Amino acid sequence: MELILFIICCYLNYSRAKRGGLNGGKWALYTFLAILGGLLIGATTIMIYLMANDPELQNMISDASASRNDEELRQYVQGKMHFLNQLFMLFCGIGGYLFVRYRLGRRTDTTVE
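Residues numbered from 1 in each chain as written. Predicted model: local features only at pLDDT ≥ 70, side-chain atom pairs only at ≥ 80, totals over all residues. Heavy atoms only, no water.

Draft legend 1. View of the packing of helix H2 (residues 24–53) against helix H3 (residues 55–62). At a minimum axis distance of 5 Å, the contact between H2 and H3 shows a crossing angle of 95°. In terms of orientation, H2 and H3 fall into the roughly perpendicular class. Residues Leu50, Met51, Ala52 and Asn53 of H2 lie in contact with H3, whose contacting residues are Pro55, Leu57, Gln58 and Ile61. The class makeup of the residues in the contact of H2 with H3 is six nonpolar, two polar and no charged. (Axes fitted to C-alpha atoms, helices over the stretch in contact; angles between N-to-C directions. Helix = DSSP H or I, 4+ residues; strand = E, 2+ residues; numbered from the N terminus. Parallel < 35°, antiparallel > 145°, perpendicular 65-115°, else oblique. Contact = heavy atoms within 4.5 Å. Nonpolar A, V, L, I, M, F, W, Y, C, P; charged D, E, K, R; others polar.)

Structure below.
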């Protein structure tokens, strides 16, 4: 579902750039990269939050003597990813779209009021 939303966002900026006389493909790529950047910022924020507030996760990562299994760590983190965390990441991705839309609007708006 998120992928469809991101494709729609790319298309909206593509058509906005075409109407403004700019290269639509370039702005669609900028939009996609900004969405990925927003998702990365959101995921990093959530991981920092989890690492700061979950002592069991801190022990799993910092305990070098234990034979930690990467699969166990991945399953533990996935168990902590709730709906609100995913929604936060989605809003961060939409923030990337809105940033590119703002930049595109400033680029195509030649009238100063």
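Draft legend 2. Expanded view of the environment of serine 15. Counting through the fold element by element, serine 15 comes out in helix H1 (residues 2–19). According to the relative accessible area criterion, serine 15 is buried, its value standing at 16%. (Buried < 20%, exposed > 50% of the residue type's maximum accessible area, 1.4 Å probe, protein only.)

Draft legend 3. Region of the structure containing the nonpolar core. Of all hydrophobic cores here, the largest spans 14 residues; its most connected members are Phe6, Cys9, Ile35, Leu39 and Leu57. With residues up to four places along the chain from it excluded, the contact list for isoleucine 35 reads Phe6, Cys9, Gly93, Gly96 and Tyr97. Listed in part, the five residues of the second largest apolar core include Trp27, Ala34, Val100 and Leu104. (Core = buried A, V, L, I, M, F, W, Y, C linked by side-chain atoms within 4.5 Å.)

Draft legend 4. Focus on the packing of aromatic side chains. Counted under the stated rule, the structure contains two aromatic pairs. Taken together, a centroid distance of 5.3 Å and an interplanar angle of 85° make the contact between tryptophan 27 and tyrosine 30 edge-to-face. Here tryptophan 27 pairs with tyrosine 30, and both are found in helix H2, just three residues apart, close to one helical turn. Classification of tryptophan 27 by relative accessible area gives buried; the value is 6%. Note on tyrosine 30: relative accessible area 39%, which makes it partly exposed. (Phe/Tyr/Trp six-rings, centres within 6.5 Å; stacked < 30°, edge-to-face > 60°.)

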